[in-house]
Structure formats: structure tokens, C-alpha cells
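Examination of the molecular architecture
In case you want the letters, here they are:
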Amino acid sequence: MPPVFPMLTVLTMFYYMCLRRRARTATRGEMMNSHRTIEANSRTSPLNAELVQYAKEVVDFSSHYGSENSMSYTMWNLAGVPNVFPSSGDFTQTAVFRTYGTWWDQCPSAPVPFKRTPPNFQSQDYVELAFEQQVYPTAVHVLETYHPGAVIRILACSANPYSPSPPAEVRWEILWSEKPTKVNASQARQFKPCIKQINFPTNLIRLEVNSSLLDYYTELDAVVLHGTKDKPVLSLKTSLIDMNDLEDDYEEKNGCGMDNLNKKFSSIALREGTSNGYFDKLPYELIQLILNHLTLPDLCRLAQTCKLLNQHCCDPLQYIHLNLQPYWAKLNDTSLEFLQPRCTLVQWLNLSWTGNRGFISVSEFSRFLKVCGSELVRLELSCSHFLNETCLEIISEMCPNLQDLNLSSCDKLPPQAFNHIAKLCGLKRLVLYRTKVEQTALLSILNFCSELQHLSLGSCVMIEDYDVIASMIGAKCKQLRTLDLWRCKNITENGIAELASGCPLLEELDLGWCPTLQSSTGCFAKLARQLPNLQKLFLTANRSVCDTDIEELACNCTRLRQLDILGTRMVSPASLRKLLESCKDLSLLDVSFCSQIDNRAVLELNVSFPKVFIKKSFTQ
């Protein structure tokens, strides 16, 4: 009689596969109902009352529209009770990220995206919020007051930011995630996603956003955390399970999650095999080409199948472009240690958002670059708060071929650390947005890095005199194509004149929220006459921009694609019509809060120029 147990095993596996297939083909509504069933059946004892908290503090964020020295449009507005909700509209008391839509991706300054980015990672910005008490979350509500729909992922952290001692282990758990979706209404809403339960209490919540589908800047007013002090117990009546969660758990238990990245890259004891089948007949290069389409976790999984594929998966040619940002929540020293032998040829490396809260040490980062830095051409380190002066010194010594360095929002780097960047004489792109770079260090960088083509100095509040900086840029950086001076506090017409005469190749210039520039000095008209290649010009919140400036742009900058003149009081519909008639490629025009441009004028221009997105924000 044949054994019964193998047949039961096969039936069990078949049943599980059917459940997984059903989960993949289930509608969004079925999955939402599954979550609701679990929530409806979770029983909380009367003693375990639900706590409702607003954020106490904003711990970290990747960007914001506002200034470092004020509260208008800054992420810090997310702390505390709502300032605006339930009102809708454009309010300065809300939190606003730096970008929206796809406009920034279409600019000359836009970097080439990394390959092998997993399709489920689409986050562009984040903000982390600390709450007073640790709770087991039962709900997270986001109060959105303008152009909602940017939040795509909510995470909880096991670490208590108010604990006097660092935790032995830090865990991040996804409470909710969704692909970017278009929300047609711009009105305020209270966003209430169905979150999953976690097995640890938290008072640190992270929101990740993707603004690519938004028509304008999203504005967030507050975040509310609901939770209980004791862990809720699921009722036995729970009948429906979200199979997507089950699949995630299955992958973690079987070593397929990023928690096991270290094991996957270690030397794996593979079984001896007499043959690799048809793979033995394929050219080495062809297999390498096929593997180039796999994400990093998939490459790790494939390495465990046989010795031949393990050899291919460990080939340094597979790691020439390495994007580790999607795995920021798991990447640590051990991960870098096991990646190190495979990254000796790495040219593009993205470590943005990684290493925070002790995940990556300075010593391990230094060891990694000493082995893998010689071929590096591009290094992305946005919001990598483990960096210190030693790290920048190691970068300057071990990466002689570096051309692209992004230190955006590395606001914990000490000012003296930036002196080391001057040693990277081959730099062509440098992003220092929201850093503490000082004037002396920046002048040294500009003096030695004369090949710069893209430079971002937005919100660099430690620079004392931007006219001196602009003069040095004009004298040294003759190949400069894009320059971001967003919210530079003291540049005048003198600095603009030096800049325009010295950098005739400029295609993109951001002078948004630069209050010391005045149209009456003729600075904007001179810009238009001397920079005919301009494709993007932001003069945001400059009240003095007038019809003469717009007409000069129409005559001289016919390649213009994006123009932001938000807040001006002296531009008329007639001059805008001239601009639109001359600049055939213009696709974005922001006239929000322009007192002479009312809704009727915008509608008339839209009818005449339907291919141009004319933005007109409002306050209710």
C-alpha cells in the first residue's frame, strides 16, 4: 500500500498554491474587506483603552518647501494638533515637500535613475514623527489639507527616540503600503488606511510619499496615532486573512526577506551536482545579461540554487550599478561586509536613507570604500546621518574618479567636513541641499572643482555672502548647466550679474524665495538676455517680477520649459500671452497668488495654450 504522507504533503502544497494565486488575483476591495474583518474581530479589554496621540516631534525628513529658519511650509508643522484641517487650500502652516508631479524629473538637473530598483519601492520623500507614548498601533490617520494622495507607505519603528539608552535591536515594520494612485479632488481629507497589527509597541512613525501623480504640492497638517498600551488579541472568529501578508511572512520565514541578506551573500554550502542542465550550454555573457534584470533580493535567492548560478550571482559585473536605498530598513554593517567582495567594480552606489540609528558604522563604511571606492563614479548619500568628517575624508581619498556626489539633507554633518570635498577635482554634480556647508569650504570646492555642471545649494543657511559664492561660480565653473539657489538669503543683483556673465551655458536656475533680488535693478532682464539656453527658471515669491522681465524672457529664452513666478503682483495676462506665444516648449507655468492673474485669465490662457500646465493655487 503506498504511503499516505507524501500524498498529503502534495495536497497541502497544492492548497497553499491555490490560496496564493487567489490572493494575487483578489480585487482591492476583497483585500480591504479582509483587513476590516480582522480589525472588527480584534478584542480589546476595557482596561486596555485606546490612546489617541498627535505627533510630539518631527525627528527627521528628506525635504521640505520651507526655510530652515521659519515655520512656513516646513515639516515641523506636523508636530502637534492640526493648524488648518478641515479647511482646504494652500496654507503656510502645513508641511509641504519640495517637489510634486514629474517636473523635477524632466529638468536638466535630473539624475539618471538607478536600474534594478524593485517595482514595489516608489518612495521619493519621507518624514519621521515621534509620539509621547509607545503603543500597539490600531490606526494611523493623516490629515491632508491640499492635493491629497501622496502617502504611499507607513512604517513603525521599535526604537523609542526618547529612550536614554540605544536599543539592542531596531526593527522597522510596514503598517500599510500602496502604489501611487491619482486622487482627483484637491480638497482636504482625513486619510485612514487599514493598517496591519505588529508585535511590538511604537512611538516612532514614518510616512513615505510619492508625489509623481499630484497636480500640485501636497500639504499635510497632522498625523494621529491610535493604539493600546497592551498588545491586542485577535479573536478566534477571525476568518479571513490577507494572503499578501501571509506571503510576506512566508518569505521572511524561508529566508527570502532582506533580513537574511547577510546569509545570502555569505559562502553557501551548495550540493554537489553532476550537471547544470542547459545552463552549461549558454555563453557566460548571455547568463550575465539575463541576470542583469533581477533585483538584488532575487539575485540573492538565485545564488542559492546551484554552483554555476552562484558564481554568476557573485560576479562583480552584476554590481556595477548598486542601489541599496530600497533596503534602508534592513541594511547594516554585516550586509556591507558580505557585499564587499562583489563590489570591487561598483561605479554607481546609492546608500541614500541608509545607516541611521547605528545600522551602519563609520568603520564599516570606511572599510567598504577602501575596497570598493576606486571605480566609483556616482555616490548617493542623501539623508545618510551616519556620515561624519571621517567618512568624507575617506570618500575624498578612496574615490579618485568620483563625478557625482549627493549629500542632500545630510544636516548632521559638521561644517568642517565639507573641506574634504575640494579634493574631488573631477566632480561634475554636487548636491548640498540642506547641509551646513560654510562659505570658506564652498569657495575651496568651487576653486578646485572647476568641471562642475550641476550644483545644488538650496537652503544652505550657513553661507554668509551668496554674492561672493556667485562670483566664484562665474569665475571658475564655466561648464555649469544647472544651479539651485533656492532660499539663499542674501544674493543681490551683483552676484546675479557675475553668474550670468560667467556661466553662459546655464539651462536651469532656481532663485525661488530669494528676497534680496529686485526687478528694478534690471537683474532679471539681464539674466534673460545673457542666458538664452534657459529651460527652467524659478523666481518663486519674488514680488518685484514685472511685465518687462516676462517680455525679456519671451524675446530671449525661447527654449524655456518651466517658469515659476508665484506671488508676483506686477505681471499681467498680456505679458504672459506673449511669453506663451514665443516659448513653444513651455509646459509648466506657476502663477499662484499673482494678484493680476485671476481664475478667468487662467481659463482663457488654458483655452489658447492647452498643452501648458498653468498652476493657480488657492486658499479657502
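Whatever comes next refers back to the structure up there.
In this report, we go over the structure that sits alongside the text. (Residues numbered from 1 in each chain as written. Predicted model: local features only at pLDDT ≥ 70, side-chain atom pairs only at ≥ 80, totals over all residues. Heavy atoms only, no water.)

Some thoughts on the overall build of the protein chain
In plain terms, the rule: The helix count covers DSSP runs of H or I at least four residues long, the strand count covers runs of E at least two residues long, and both are numbered beginning at the N terminus. Relative accessible area decides the class of each residue, using a 1.4 Å probe on protein chains only: under 20% of the type maximum gives buried, over 50% gives exposed, and in between gives partly exposed. Any pair of residues with heavy atoms lying within 4.5 Å of one another is described as a contacting pair. Only the protein chains shown count as cover for residues, and all accessible areas are computed by the Shrake-Rupley method using a 1.4 Å probe.
Looking only at helices and strands, the protein chain has 17 helices and 23 strands in total. Taking all 620 residues of the protein chain together, 53% fall into the buried category. Intrachain contacts of the protein chain at a sequence separation of at least 6 include 80% that bridge at least 24 residues. Total accessible area on the protein chain is roughly 27,600 Å²; 54% of this is exposed by carbon and sulfur atoms.

With respect to a nonpolar patch on the surface
Definition in use: Residues form patches when they are more than 30% accessible in relative terms and have no salt bridge. Like charges link within 9 Å. Nonpolar side chains (Val, Leu, Ile, Met, Phe, Trp, Tyr) link within 5 Å. When a carboxyl oxygen of Asp or Glu is within 4 Å of a side-chain nitrogen of Lys or Arg, the pair counts as a salt bridge.
Together, Phe279, Leu282, Leu286, Leu289 and Ile290 line one region of the surface with nonpolar side chains, adding up to about 430 Å² of accessible area. Topologically, Leu289 is positioned in helix 5 (residues 284-291).

Considering the sheet that holds strand 15 (residues 404-406)
The cut-off we apply is this: Pairing between two strands is assigned when DSSP locates at least 2 bridges connecting them. Comment: axis = line fitted to C-alpha atoms, over the contacting stretch for helices; angle = value between 0 and 180 degrees taken between N-to-C directions.
Across the sheet, which stays open at both edges, the 12 strands sit in the order 12-13-14-15-16-17-18-19-20-21-22-23 with parallel pairing between neighbours. Bordering the open sheet on either side are strand 12 (321-323) and strand 23 (613-615), each of which pairs with just one other strand. If you compare each strand with its neighbour and ignore which way they point, the axes differ by 5° on average. Bridge count between strand 18 (residues 482-484) and strand 19 (residues 508-510): three bridges; the pairing is parallel.

Things to note about the pattern of salt bridges
Within this structure, the stated rule accounts for 23 salt bridges. As a salt-bridge pair, Arg378 and Glu380 come within 2.8 Å of each other at their nearest N and O atoms. In this structure Glu380 comes out as buried when scored by relative accessible area, which is 6%. Across the salt bridge formed by Glu380 and Arg429, the nearest N and O atoms sit 3.1 Å from each other. Here Glu380 is found in strand 14 (residues 378-380), whereas its partner Arg429 is found in strand 16 (residues 429-431), with 49 residues between them in sequence.

Regarding the side chain of Gln288
Mapped onto the fold, Gln288 is located in helix 5. In this structure, Gln288 is in contact with His312, Asp315, Leu317 and Gln318, ignoring residues within four places of it in sequence.

Observations concerning the pairing of strand 5 (residues 125-146)
Among the 22 residues of strand 5, 18 are classified as buried, and the element is accordingly described as predominantly covered. Bridging between strand 3 (residues 57-61) and strand 5 involves four bridges; their strand directions are antiparallel. Within the sheet, the bridge partner assigned to Val58 lies in strand 5 and is Leu129. Pairing of strand 5 with strand 9 (residues 202-209), which is carried by seven bridges, proceeds in the antiparallel orientation. Paired with Leu129 across the two strands is Ile205, which belongs to strand 9. Bridge analysis of strand 5 against strand 10 (residues 219-228) gives nine bridges, and the strand direction is antiparallel. Within strand 10, the residue paired with Glu144 across the bridge is Leu220. Of the strand pairs in this sheet, strand 5 and strand 8 (residues 189-191) are connected by three bridges, and their pairing is antiparallel. Pairing of Leu143 across the sheet is with Gln190, part of strand 8.

Re the state of the cysteines
We apply this condition: The disulfide criterion is simple: two cysteine sulfur atoms within 2.5 Å.
The final tally for this structure, using the stated rule, is zero disulfides. Unpaired in terms of disulfides, Cys372 finds its nearest cysteine sulfur in Cys343, a separation of 5.1 Å. Here Cys372 falls in the buried class, since its relative accessible area comes to 0%.

What about unusual backbone geometry?
Residue Pro86 is reached from Phe85 by a cis peptide bond, and omega for that bond is 15°. Positionally, Pro86 belongs in the loop between strand 3 and strand 4 (95-96). The residue Ser409 is not glycine, and still its phi comes out positive at about 60°. Checked against the element boundaries, Ser409 lands in the loop between strand 15 and strand 16. One non-glycine residue, Arg487, lies in positive phi territory at about 60°. Structurally, Arg487 is set in the loop between strand 18 and helix 13 (493-502).

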